[in-house]
Amino acid sequence: MERLGRWLSGGALALVILFLLLPILVVIPVSFTEAPVFRFPPEGFSLQWYEKIGRVDGLLGAIGLSARLALLATVISLLLGTLCAIALVRGVVPGAAAVSAFMLSPLMLPGLVLGIAMLQALREVGLRDAWWSLLLAHVVITLPFVMRTVLASLSLFDFGMVDAARTLGCSYPVALWRVLVPNILPGFVSGALFAFIASFDNYPVSMFLVDVRTKTLPIQLLNYLEISPDPTLAAVSTCLIALTVAILLLCDRLVGLRRLAPV
Amino acid sequence: MNDQHLAVRGASKRFGTASVLDDLSLAVARGEFVSLLGPSGCGKTTLLRCIAGLLRLDAGSIAVAGRDISALPAHRRNVGVVFQNYALFPHLTVAQNIGFGLRAQGVRAAEAAPRIAEALALVRMAEFADRPVTALSGGQQQRVAVARALVVRPTLLLLDEPFSALDRKLRETMQVELKHLLREVGITAIFVTHDQEEALVVSDRIAVMNAGRIEQLADPATLYQRPASLYVLDFVGQSMRLGGTVSAAGLGEVTVETRLGTVRAPGAFAPGSRVVVAVRPEAVTLTETPPGGRNTLAARVSEVSFLGSRTQLHLDLPAGEDRGVVELPRLPPGIGPGSAVPLAFPIADTMVFPAA
Amino acid sequence: MKRDPLGLLALPGVGYLALVFLAPLLLLLWSSVRGPEGWTLDGYVRLLGDPYYRGVIAASLQLALITTGGALLLGYPAAFALARARGGWQVVLFALIFLPLTVSIIVKSFGWGIVLRRDGILNWALLNLGLIERPVRMIFTEGALYAGMINVFLPFMVLPIFAVVRMLDPRLPDAAATLGASPWFSFRRVTLPLSLPGVVAGVSLVFSLSVAAYVTPSLLMGDRYMTMSMVMAKAFLNLRDWQLGAAMAAVLLAMALAVVVGAAALQRRLGGR
Ligand SMILES: Nc1ncnc2c1ncn2[C@@H]1O[C@H](COP(=O)(O)OP(=O)(O)O)[C@@H](O)[C@H]1O
Ligand SMILES: [Mg+2]
């Protein structure tokens, strides 16, 4: 019976992992095919679809735009989120529990609703510039990710350690730097990583805010998929997967993968 | 009547390459309290888990009341366990925790209720029946853990360091209280502990464990007065011990040359052997002209510790195998750190062990 | 006592969200009841009065329920296996579950399409195994949609359950066994109740995400399976019917809030025991 449970749960885990990886892994062989359609098994080997990435109208531009947008939104969120987390953990904030729930709430809301609400409001105030609209909205998307992890690592941090460092001869700022920063760094890194990915991948909010000349990568990809579905998409996807794996490995090096757990 | 209630024979357990139990045997009589005493990591918990069926032995057998239970899973063994830190179910109340085992065994609610009440009363926790266990103090949690283990009427009770989570004062009360309670229930029990004083208080016999084996199993007095090895000597109580070489042997007595002088002791070693002689602190007196049958040595005091009912003198000895603790009911005037003192102790109370 | 200056550090972040997040939402809710001629419930009336839109709401809820149920069924035992895995293995397995979470939903939906195509990997595998004789149509079926949705949202079920199960004291099932509990009894009475907070977190997360899903259903089904999000997007972008879109947004918002608040209340009850 106990063994049966072990087998069942082990089997479920294997199935889950296989199932989760399947749609991700299939795009890799397809990106190297010679045929212009996605057929399985892929035929031949070529890099033509990777070469085509540069030639497809707007794809590189969209990658650049999404990267800049995600980076900027993440930096702004780190700033706003860290200040707010410090205030909530160390300061006296009336209704602190409600405030922190509010700061995390964009995570729980359907992205599409958020996108529409932003679109309507921005029209109302007359902001029609797509880049600024996207940036404003993406900070809303990224802020909760930063808040959550920084808040968690700050509240786990024992501020007695800062006092201990001070009795051992560190000035207050030096104590913060030597003791607080290394301890909340994992929260920082993982919060930033998630914020970046959330922005880089975002579709439902962006779809209302882009315009013809300012399109983020997910929007551009989906457009392309509708217009001319060919393995170029698989090539882009493979690059994105490689990038994600690289970021994850880097973060694992920096702070340990398990501390990155999002939920 | 079968006197051997629990019989562990030739038990061996490895974790990977580490041998944690090494051909260990242990016999416990019905109604007896035995302590497993040993340093952290010597395999006490592992032995307990094997007896409870939470781990399988690699070799050997375990029998309770003459029945081999080695192949039974834990839930068929009817061996009660009080876990270290108690492992109370945090989502259940006190009464639900205690009733858990009855429920698991399919005892009907009507029949279970009085037994739960009885168990609650036994550990004096009746008024806490409906509290969540997370709201209890350490001592109360321990009582609940004991009641939970006893209510299913196990054939054997295992307690893994049951007092280690309690503060010193409470620990001392609970030791006596628990011993009394278990005696009243009339159960056979094995206590695991790394605290020698606790072992002396709670048990009829003590099994001193060392690296997966039982070094000596004896009643507290024997263990203290006649330790079977240097290991047991050191683990149970304090002593003055001096390394030396046997210079003469005969008639069940050896003469040993030590750093502080010549010592005679009952024992049989060949001349030239490296040995350690030892004596318990309270056997030593400070007299220059003792009555006959005693060893006399000269030493220097390095530290004095006042312990209330007695005073300990720590002797100035170079670090190494020598260790010097002497206990006096009262400190004679004029003795302090640096004083030279004459030591005397009965030859009959002097122990000799082969050097480690 | 002086006002604590540290508390003021919360202001920029809170102010930002109030302006850029809360205000637009309130505006949207306001516009759902505000027509050209003053107050109106026209959007809601059309939404809830029309059998088509009621069908869409029902379909969204059904999709969310199936997705949540499927993810729970697969994810619950998997989370236990993950929690039981030893040291290095656990990190690797965790990474494998975690990685899909960071891969773009577009990439995953696109890959899922390749898996299910007539000349895709699944048909190819089934043909080669001799289980089918000619390719089966899988894409654009409801089964494919459910599988795709579960695929996208499964990590959100596994990880919260894992986070709770990992912290369970491994001696509790041991303690139950020494009290005579069979493994099944001890699972039902000890492990399951203690893992419920993780289940509640996972279920509420997956449900609220999947009830509002947009990309996966539109990529896998196109117009064949309309969800609330798709209707809403269409109302705003194609029909330019803001009244209707805003009403649908309000309904979605209410559902998301209900799930979050309900889950929080449930967590408190579970935690309070
Ligand atoms: N499940 C296990 N896997 C590997 N090693 C273990 C396991 N359980 C215990 N050990 C090792 O076995 C030794 C004895 O452990 P234990 O029986 O818990 O000691 P004690 O209870 O006497 O402190 C220790 O070195 C411990 O590290
Ligand atoms: Mg132990």
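Each chain carries its own residue numbering, running from 1 in the written order of its sequence. Note on labels: chains are lettered from A, ligands numbered from 1, in written order. Only residues with pLDDT of at least 70 get local features here, since the model is predicted, and only at 80 or more are side-chain atom pairs given and counted; chain-wide, interface and lining totals rely on the full set of residues. Only heavy atoms go into the side-chain values, all of them from the structure, while hydrogens and water stay out.

1. A few points about the overall build of chain A
Then, in step 1: Helix and strand content of chain A: ten helices and zero strands.
Then, in step 2: Only DSSP runs of H or I with at least four residues qualify as helices, and only runs of E with at least two residues qualify as strands; both kinds are numbered from the N terminus onward. When the helices and strands of chain A are listed from N to C terminus, the series reads α-α-α-α-α-α-α-α-α-α.
Then, in step 3: On the principal axes, the C-alpha backbone points of chain A span a range of 70 × 65 × 40 Å.
Then, in step 4: Relative to its 263 residues, chain A shows a buried fraction of 54%.
Then, in step 5: Here a residue-residue contact requires only that any non-hydrogen atoms of the pair lie within 4.5 Å. When contacts within chain A are restricted to residue pairs at least 6 apart in sequence, those whose partners lie at least 24 apart make up 70%.
Then, in step 6: Carbon together with sulfur atoms contributes 67% to the accessible area of chain A, which is approximately 11900 Å² in total.
Then, in step 7: The charge count treats Lys and Arg as positive and Asp and Glu as negative. His and the chain ends do not count. By convention, charge coordinates are those of NZ in Lys, CZ in Arg, CG in Asp, or CD in Glu. Distance between charge centres in chain A, computed from 17 positive and 14 negative side chains, equals 7 Å. Here's how the labels work: a residue is buried when its accessible area is under 20% of the maximum for its type, exposed when over 50%, partly exposed in between, all with a 1.4 Å probe on protein chains only. Computed with a 1.4 Å probe, the accessible areas rest on the Shrake-Rupley method; for each residue, only the protein chains presented here act as cover.

2. A few points about the site of ligand 1
Residue and element names in this part refer to chain B.
Then, in step 1: Being near a molecule or strand, for a residue, comes down to having at least one heavy atom within 4 Å of it. In the vicinity of ligand 1, the residues found are Phe15, Val20, Pro39, Ser40, Gly41, Cys42, Gly43, Lys44, Thr45 and Thr46.
Then, in step 2: Counting of polar contacts relies on pairs of N or O atoms within 3.5 Å, with two restrictions inside protein: one atom must be capable of donating a hydrogen and the other of accepting it, and residues adjacent in sequence are counted only when both atoms are side-chain atoms. Within the contact set of ligand 1, an oxygen atom lies 3.0 Å away from a backbone nitrogen or oxygen of Gly43.
Then, in step 3: Within the side chain of Thr45, one N or O atom sits 2.5 Å away from an oxygen atom of ligand 1.
Then, in step 4: Of the residues forming the shell around ligand 1, the biggest block, three residues, is contributed by helix α1 (residues 44–52).

3. Some details on the pattern of salt bridges
A side chain with one charge can pair with a side chain of the opposite charge if their charged atoms come near.
Residue and element names in this part refer to chain B.
Then, in step 1: The salt bridge criterion pairs a side-chain nitrogen of Lys or Arg with a carboxyl oxygen of Asp or Glu, the two atoms within 4 Å. By the definition in use, this model includes 15 salt bridges over all chains.
Then, in step 2: For Arg168, the salt bridge goes to Glu172, with nearest N and O atoms at 3.4 Å. Here Glu172 and Arg168 lie together in helix α5 (residues 168–185), a separation of four residues that amounts to about one turn.
Then, in step 3: A relative accessible area of 54% places Arg168 in the exposed class.
Then, in step 4: A single salt-bridge network, built from bridges that share partners, covers Arg124, Arg143 and Glu177.

4. Remarks on the interface of chain C and chain B
Then, in step 1: Each partner contributes to the interface: chain C provides 19 residues, whereas chain B provides 25 residues.
Then, in step 2: With both chains or domains summed, chain C and chain B bury close to 1900 Å², and 67% of this area falls on carbon and sulfur atoms.
Then, in step 3: At the boundary of chain C with chain B, the tally comes to one salt bridge.
Then, in step 4: Note that B:Arg49 is salt-bridged to C:Asp174, the shortest N-O span being 2.8 Å.
Then, in step 5: Taken together, chain C and chain B are joined by five residue pairs in polar contact (both at pLDDT 80 or more).
Then, in step 6: When residues of the side of chain C that touches chain B are traced back to their parent elements, those giving at least two are α8 (171–178) and α9 (183–211) of chain C. In this description, buried area is defined as the sum, over both parts, of the accessible area (probe of 1.4 Å) that is lost when the two are combined.

5. A look at the packing of helix α2 (residues 94–104) of chain B against α9(C)
Then, in step 1: Convention adopted: a line fitted to C-alpha atoms gives each axis, helices being fitted over their contacting stretch, and angles between N-to-C directions are expressed from 0 to 180 degrees. Packing of α2(B) against α9(C) leaves a shortest axis separation of 11 Å and a crossing angle of 150°. For the element pair α2(B) / α9(C), the angle class is roughly antiparallel. Relative to α9(C), the crossing made by α2(B) is right-handed. Two secondary-structure elements touch here, α2(B) through B:Phe100, B:Arg103 and B:Ala104 and α9(C) through C:Phe185, C:Arg189 and C:Val190.
Then, in step 2: Classification used: nonpolar for Ala, Val, Leu, Ile, Met, Phe, Trp, Tyr, Cys and Pro, charged for Asp, Glu, Lys and Arg, polar for all others including Gly. Along the lines of polarity and charge, the residues of the contact of α2(B) with α9(C) split into four nonpolar, no polar and two charged. These descriptions rest on fixed angle ranges, namely under 35 degrees for roughly parallel, over 145 for roughly antiparallel, 65 to 115 for roughly perpendicular, and the rest for oblique. Note on convention: near helix rotated counterclockwise from far helix by under a right angle means a left-handed crossing. Clockwise means right-handed.

6. Some words on the packing of helix α5 (residues 105–116) of chain C against helix α6 (residues 121–128) of chain C
All names here are of chain C.
Then, in step 1: Orientation of α5 relative to α6, taken along the N-to-C sense of each, is 30°, at an axis distance of 4 Å. With respect to α6, the axis of α5 lies roughly parallel. In contact with Ile114, Val115 and Leu116 of α5, α6 contributes Ile121, Leu122 and Asn123.
Then, in step 2: A breakdown of the residues in the contact of α5 with α6 according to their chemical character gives five nonpolar, one polar and no charged.

7. Observations concerning the interface of chain A and chain C
Then, in step 1: Between chain A and chain C, the contact holds 80 residues from the first and 81 residues from the second.
Then, in step 2: Between chain A and chain C the total buried area reaches about 7600 Å² when both faces are included, carbon and sulfur atoms providing 84% of it.
Then, in step 3: Joining chain A to chain C, the criterion identifies zero salt bridges.
Then, in step 4: Here chain A and chain C share five residue pairs in polar contact (both at pLDDT 80 or more) between them.
Then, in step 5: Mapped by element, the contributors of at least two residues to the side of chain A that touches chain C are α1 (2–31), α3 (59–90), α4 (96–104), α5 (111–125), α6 (130–156), α8 (172–201), α9 (217–227) and α10 (232–255) of chain A.

8. Remarks on unusual backbone geometry
For residues besides glycine, phi is generally negative; the peptide bonds are generally trans as well.
Residues and elements named next belong to chain B.
Then, in step 1: Of note, the phi angle at Ala87 is positive, near 50°, even though the residue is not glycine.
Then, in step 2: Taking relative accessible area as the criterion, Ala87 reaches 2% and is therefore assigned buried.
Then, in step 3: Phi is positive for Glu161, which is not a glycine, with a value near 40°.
Then, in step 4: Tracing the backbone shows Glu161 in the loop between β7 (156–160) and α5.
Then, in step 5: Look at Glu161 and you get buried, because its relative accessible area is 8%.

9. Examining the nonpolar core
Then, in step 1: Residues belong to one nonpolar core when they are buried, are Ala, Val, Leu, Ile, Met, Phe, Trp, Tyr or Cys, and are joined through side-chain atoms within 4.5 Å. C:Ile97, C:Met228 and C:Met232 are the most contacted members of the largest nonpolar core, which has 176 residues in total.
Then, in step 2: Apart from residues no more than four positions distant in its own chain, C:Ile97 is found in contact with A:Leu13, A:Val16, A:Ile17, A:Leu20, C:Leu82, C:Pro155, C:Val158 and C:Leu159.
Then, in step 3: If you look at the next biggest cluster of nonpolar residues, it comprises 83 residues, including B:Val79, B:Val146, B:Leu158 and C:Leu179.

10. Section: the arrangement of the chains
Then, in step 1: Between all two pairs of chains that are in contact, chains A and C come out with the most contacts.
Then, in step 2: For the non-touching pair chain A and chain B, the nearest C-alpha separation works out to 10 Å.

11. What to know about the packing of aromatic side chains
Then, in step 1: Ring pairs shown here join Phe, Tyr and Trp side chains whose ring centres sit within 6.5 Å, with only the six-membered ring taken for Trp; geometry is labelled stacked below 30 degrees between planes, edge-to-face above 60, and tilted in between. The tally for this structure, following the rule as stated, stands at 23 aromatic pairs over all chains.
Then, in step 2: Aromatic side chains A:Phe102 and C:Phe21 sit 6.2 Å apart centroid to centroid with 45° between the ring planes, which places their arrangement in the tilted category. Linking A:Phe102 in helix α4 with C:Phe21 in helix α1 (residues 11–32), this pair reaches from one chain into another. Here A:Phe102 and C:Phe21 have matching classes, each one buried.
Then, in step 3: Note on B:Phe33 and B:Phe191: the rings are 6.2 Å apart at their centroids and 70° apart in plane angle, and the pair reads as edge-to-face. Of this pair, B:Phe33 sits in strand β3 (residues 33–37) while B:Phe191 sits in strand β8 (residues 189–193), and the two are 158 residues apart along the sequence.
Then, in step 4: Put simply, the rings of A:Phe145, A:Phe194, C:Phe94, C:Phe98 and C:Phe162 pair up and form one aromatic cluster.

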